[in-house]
Amino acid sequence: MEIVVVHTEMEGVCLIKPKSVMILSDFAYPILGGTERIVFGLAQFLVERGIKAHILTPNWNNLKEKEEINGVIIHRFRVPLLRNPFFKIYGYVRTMIKLQKENNFDIFHSFYFVPVFLSSLIMKLIGGKKAVLSFFEREPLEAHFNNPIKKAILLWSLRKADYTSPLIASCE
């Protein structure tokens, strides 16, 4: 992998340029809410720079299991009717293992929710790949701290991630 300089509000941050990235989100295209737009926008940004971008999301609406839109490959997995987070983690990890064998992703980038974070970290532990966790500052992480189990899992996730990225919502 080559090293690239990404210019941000900071002077410049050196990052490793991956060949392929798996983005995990509980919601994705064609739903067009805030998170979905950010996830798809990130995937398109990566594709425009020659990086293979895949999105993995639960199939909430019986959509195609796999489709390609503007160079972004979207994978959807079935979720049991019981909305238990452990079933969702199992669905993510089972699908990620299969897709990892086919695509050899360099980075697993998760958006916001604890089951998604844990799925990326499990893949990091299994395959030694990088895990990036993004969360939204408009919904403070402290909101989860009234539940001691969620708090412990969230804090552990943030410590174990290779990178964390707060996303700041703007009303401008």
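A brief look at the structure comes next. (Residues numbered from 1 in each chain as written. Predicted model: local features only at pLDDT ≥ 70, side-chain atom pairs only at ≥ 80, totals over all residues. Heavy atoms only, no water.)

**Brief notes about the overall build of the protein chain**
A count of helices and strands for the protein chain gives four helices and nine strands. Walking the protein chain from its N terminus toward its C terminus, one meets helices and strands in the order β-β-β-α-β-β-β-α-β-α-β-α-β. Every one of the 172 residues in the protein chain was classed for burial, and the buried ones make up 40%. Taking as baseline every contact in the protein chain between residues at least 6 positions apart, the subset at least 24 positions apart corresponds to 59%. Total accessible area on the protein chain stands at roughly 10300 Å², and carbon and sulfur atoms take up 58% of it. (Helix = DSSP H or I, 4+ residues; strand = E, 2+ residues; numbered from the N terminus. Buried < 20%, exposed > 50% of the residue type's maximum accessible area, 1.4 Å probe, protein only. Contact = heavy atoms within 4.5 Å. Areas by Shrake-Rupley, 256 points an atom, 1.4 Å probe, with all protein chains shown as cover.)

**Observations concerning unusual backbone geometry**
Unlike most non-glycine residues, N70 shows phi in positive territory, near 50 degrees. Topologically, N70 is positioned in the loop between β5 (66-69) and β6 (72-77). For N70, a relative accessible area of 56% puts it in the exposed group. With a phi close to 50 degrees, N104 is a non-glycine residue in the positive phi region. Structurally, the position occupied by N104 is in the loop between α2 (85-103) and β7 (107-111).

**What to know about the nonpolar core**
Core analysis: the biggest nonpolar cluster contains 21 residues, and M22, L24, L56, Y92, M96 and F108 have the highest contact counts within it. The set of elements that each furnish at least two residues to this core consists of β3 (20-24), α2, α3 (114-127) and β8 (130-136). Those residues in contact with M96, other than ones at most four positions away along the chain, are L24, L56, F108, S119, S120 and M123. If you look at the next biggest cluster of nonpolar residues, it comprises 16 residues, including V21, V39, I74 and V132. (Core = buried A, V, L, I, M, F, W, Y, C linked by side-chain atoms within 4.5 Å.)

**Examining the pairing of β3**
Within a regular strand, side chains alternate between the sheet's two faces. In terms of burial, β3 is a largely internal element, five of the five residues being buried. Side chains S20, M22 and L24 of β3 all project onto a buried face; the interleaved residues V21 and I23 project onto the opposite face, where all are buried too. Pairing of β3 with strand β4 (residues 52-58), which is carried by five bridges, proceeds in the parallel orientation. What sits directly across from V21, in β4, is A53. Between the parallel pair β3 and β4, the chain is carried across by helix α1 (residues 34-48), and the sense of this crossover is right-handed. Here β3 pairs with β7 via four bridges, running parallel. In the strand pairing of β7, M22 is matched with F108. (Pairing = 2+ DSSP bridges. Right-handed = clockwise from strand over helix to strand, strands pointing away.)

Purely spatial values, then, with no claim about function.
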